[in-house]
Every structure is written in structure tokens, then in C-alpha cells.
Amino acid sequence: MREAKSKPFKISKHTVWEAYLRVKANRGAAGVDKQSIKDLEKNLKDNLYKIWNRMSSGTYFPPPVLRVEIPKGDGKTRKLGIPTVGDRIAQMVVKMLLEPLIEPCFHKDSYGYRPGKSAHGALEITRKRCWQYAWVVDMDIKGFFDNMSHDKVMSAVKCHTDCKWILLYIERWLKAPVQLTDGELENREIGTPQGGVISPLIANLFLHYAFDAWMKRNYPDIAFARYADDIIIHCQTKEQADKLLQCIKARMEECGLELHPEKTKIVHCQAGKRRGAHPIKKFDFLGYTFRPRRAKTRKGNYFIGFLPAISDKAVKRLRQQTKGWKIHRRSHLSLQELAKLVNPAVRGWLQYYGKFYPSELHKVFRILNSSIIRWARRKYKRLKRSLAKATEWMKKVIMKAKHLFVQWEAGYVNGWTTRAV
């Protein structure tokens, strides 16, 4: 990038370059200007210079955020805000400098969007603690990202940096308008859109002070796991859970937040001898359902444990995605081409949902295997009228090329004779 005169804010050109590389690696959709990464790269040197120049001079104003609504499992939609590619690079510049200042203060059981932390880590510690504690408070914050106080966010950021340009741009990002699908601009006085590069860091910092630090200060002996705004708290007794929940409600109100009245609940982690009359005996966390399940010890003995497995909502979503591929209509493809189409998604499913109680994934892969059967019956005339012959064909293919499909290689080969999709 070209040289320029001294600027009021000292921002390294190398930092802008590194931010671009990270944004490129993360991919992502275009924002309101419809500019993609490839479009930006057509004149990369000048485009990155403009971002650096404006940020360094204090004249960078973020463009509106494009609102996109993503369907949720309950029929509602989740509102995402998609910044432009250039704005994502600018946000990444701030994140790269701010995150190392904030990260050391975070609670050890905060797992969301943090280096070295993961959803699997949150699930694993929750699984272990469900054996140690009989009760859980399943906490859901209503519209968390839409209701964060800008003043409280800025107060939290100021606890960790006095850098003027970092504070300036975070405040501008908080107040950047949202562009609706009809093109209308909506000003924002509260909240931050999900989808921005800086939003997860801001959200984590907000909840660190609103919840994590508050819990550590007032209830140091009570264990919890938090992944962004998804929070599971473990209690020894029902009375303790009831009392804690009331205190948390009051605390959230102090912070301008509200617990969802229907989704927030107290759960009895009943397993083995810990059976009781409490009506709620399961909860969902990060795409998994925790509930009593049959398990086997290393010696081969069966017992009932309170264990996580892929949730029914996740199963439904993956099955819908499988049906959406319309595999049976792709008879023009070879089997190898079909595998190339579905394997990347299936590999991701296995990596995430196969971590705990993987046998539940048979519910998903029965549909996928049945879809391949249906594809074969449309492609090969000799199989068209006989499901039995198509089943034998599938068995022979698996015997010869089990590695072809990811789910076959992982052992999900049963149930292919179920009704075709």
C-alpha cells in the first residue's frame, strides 16, 4: 500500500493486510454494496489503502448493515446483520488489537467465540457436571443481541482500553443503521447485529460483566457453562435452583435484559437412582439434547446415564437439508460425483454431532442412504422396479468402496431399506 502523511491514529498497514487475510479465510456474503471478496481483490491495493487511510484519519464511517432473516427450528426467524466486506476488514483490525487485551479476563467456563475454546468443550464440561449436580437452570436471554445497552457496552470496553480510535469505531459500529430487505434504513439505539466480526467479542464482554463476573462474585461455588448467550447452570438442590433463578432474573433486569419466560427452565438431571417427580427432565444445549439415555460401561454392563446426543431439532434440520439436495433427481451424476456433492456437509455433521452418543445420527443417515437407493433406481433400469435389488446393489457398493461416502466410512450403513425419501 502507498505511503501517506502522518495520521492522527497510528494503525499499521500490516494489520489491515492481516485483517483482510482473515476475512478472506472466513468467506461470507456481500453486504449492502454487493461487493464480494473477489470484487474487492480486483483493485486490492487501493481498496485496502482506503480502509487504512480512513481509519487512520478518523474519517471511517461504517456503511449500513444488511439485514438477513434466517429460519429457526421453531418457525421463527433469526435476524442477522451482514456488514460489507470492507467493513468486516475494518472490524477485524479492531478485533485483532482488542481481543488480546480482553481475553485474559474472561471466565474459564466461557466457551463461545474464544481462541482455544469450542462448543464441544462446553458440551463436555456440561456432560460431566450433569453427573455431579442433580439440577440445572437452562437459561435463555430474550433477544440478547437486540437488547444490549450501548452505554454499558462502551463502559465495559473502556475497562480494557483507552485507545481513542478503538472506542470511536466500536461506538460507530454499534450505531450503524440497518438496511431492511425493502431498502429502508433503520436507525439503532440499542443492540448489535449478529453477523458482524466485532459483535461476538462485544457480546462476550457484555455478558462477562453482566453474568460471569457477577456469578463469580456472588456465587463462586456454583458451576456454569456459557457459550455466547446460551447458559447452563448446575445446582445441588431444587431450592437452590429456584432461588438462583430469581436472583438471575433481577440481575438481567439491572443490565437491561430479560430471561425468556418459556425457554428458561429448571431441569432435573435424573439418571440411575436420582429419579424424581419433577416434570422437566431434559434440556437442549448447542444442538444437543441432554436426557436420560441407555449406555454401556467398559465391561459391557448397561446403565442409565444423563447424556447428550443430537437434538430432535438438529435431526429435523439435517433431514430437511438432505431432502433439499433432491438426490433422486440427480441421475445424470455418477456415484462419485454424488459423493463429492454431499460429503463436505456430511463430514461437518459427523465432526460436530458425532462427538457424543453418535448412534443417534442413524436417524439422519437412514434418510441419506435411502435417497441414494432412490437415485440408483432412477439411474439404473435394472433396479427400477425392485427395492430388494437396489438394496443388494447398495450392499455390494459398500463392500467394494466403503470410503466413497463419508457416512459409510464412519459405519452408518444400516437402515438403507427404509422408505425412500
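Remember, it's a predicted structure, so these values are computed and weren't measured experimentally.

Assigned secondary structure in the protein chain consists of 14 helices and eleven strands. By principal-axis analysis of the C-alpha atoms, the protein chain measures approximately 75 × 60 × 40 Å. In the protein chain, buried positions account for 49% of the 421 residues. Sequence-distant contacts in the protein chain: of pairs separated by 6 or more residues, those separated by 24 or more amount to 68%. Working note: accessible area of the protein chain is about 21,900 Å², and carbon and sulfur atoms make up 50% of it. Between the mean site of the 81 positive side-chain charges and the mean site of the 39 negative ones, the protein chain shows a separation of 11 Å.

So, on to the nonpolar core. Core analysis: the biggest nonpolar cluster contains 70 residues, and Met55, Ile89, Ile170 and Ile233 have the highest contact counts within it. Looking at this core element by element, the count peaks at ten residues for helix 8 (residues 199–218). In contact with Met55, not counting residues within four places along its chain, are Phe9, Ile11, Tyr60, Ala90, Val93, Val94, Trp165 and Tyr169. By size, the runner-up hydrophobic cluster in this structure holds 55 residues, among which are Cys269, Ile310, Phe365 and Trp408.

Moving on, we get to empty space enclosed by the protein. Leftover empty space is mapped by rolling, across the atoms, a probe with the size of a water molecule. Counted according to the given criterion, the structure contains two cavities of 30 Å³ or more. The computed volume of the largest cavity comes to approximately 90 Å³. As for the largest cavity, its lining consists of 13 residues, of which Gln91, Trp173, Thr192, Pro193 and Ser199 are closest to the centre. Taken together, the elements giving at least two residues each to the lining of the largest cavity come down to helix 7 (164–175) and helix 8. Classifying every residue of the lining of the largest cavity by side-chain character gives eight nonpolar, four polar and one charged.

Another aspect to go through is the environment of Leu338. Inspection of the secondary structure assignment puts Leu338 in helix 11 (residues 335–353). Given the relative accessible area of 0%, Leu338 is considered buried. Non-local contacts of Leu338, meaning those with residues more than four positions away in its chain, are made with Ile327, Arg330, Leu333, Trp375 and Phe405.

With that out of the way, let us pick up the confidence of the model for the protein chain. Residues of the protein chain with pLDDT of at least 70 account for 95%, and the chain-wide mean is 92. Contacts from residues 416–421, a stretch scored under 50 in pLDDT, to residues over four places away or in other chains number 18 contacts.

Counted at 1.5 Å a residue, the expected span for helix 3 (residues 44–57) with its 14 residues is 20 Å, and the 20 Å between its end C-alpha atoms agrees. Looking at the buried side of helix 3, the elements it contacts are helix 1 (13–26), helix 2 (37–41), helix 4 (85–102) and helix 7. Gly58, located one to two residues past helix 3, shows a positive phi value of around 85°.

With that out of the way, let us pick up the sheet that holds strand 11 (residues 302–310). Reading across from one edge, 9-10-11 is the order of the three strands in this open sheet, with antiparallel pairing throughout. Across the chains shown, the open sheet's two edge strands, defined by having one partner strand only, are strand 9 (283–285) and strand 11. Averaged over all pairs of adjacent strands, the angle between strand axes in this sheet comes to 50°, irrespective of strand direction. Here strand 9 runs beside strand 10 (residues 288–296); their pairing, made up of three bridges, is antiparallel. Note that in strand 10 the partner of Phe285 across the bridge is Tyr288. Lying on the sheet, helix 5 (residues 119–132) is in contact with strand 9, strand 10 and strand 11; it crosses strand 11 at an angle near 150°.

Analysis parameters
Residues numbered from 1 in each chain as written. Predicted model: local features only at pLDDT ≥ 70, side-chain atom pairs only at ≥ 80, totals over all residues. Heavy atoms only, no water. Helix = DSSP H or I, 4+ residues; strand = E, 2+ residues; numbered from the N terminus. Buried < 20%, exposed > 50% of the residue type's maximum accessible area, 1.4 Å probe, protein only. Contact = heavy atoms within 4.5 Å. Areas by Shrake-Rupley, 256 points an atom, 1.4 Å probe, with all protein chains shown as cover. Lys, Arg positive; Asp, Glu negative; His and termini not counted. Charge placed at Lys NZ, Arg CZ, Asp CG, Glu CD. Core = buried A, V, L, I, M, F, W, Y, C linked by side-chain atoms within 4.5 Å. 1 Å grid on protein atoms, 1.4 Å probe; cavity = no way out; pocket = protein on both sides within 12 Å on 5 of 7 lines; lining within 4 Å. Points joined across faces, edges and corners; volume = space filled by probe spheres on them. Nonpolar A, V, L, I, M, F, W, Y, C, P; charged D, E, K, R; others polar. pLDDT = per-residue confidence, 0-100. Expected span 1.5 Å × (residues − 1). Pairing = 2+ DSSP bridges. Axes fitted to C-alpha atoms, helices over the stretch in contact; angles between N-to-C directions.

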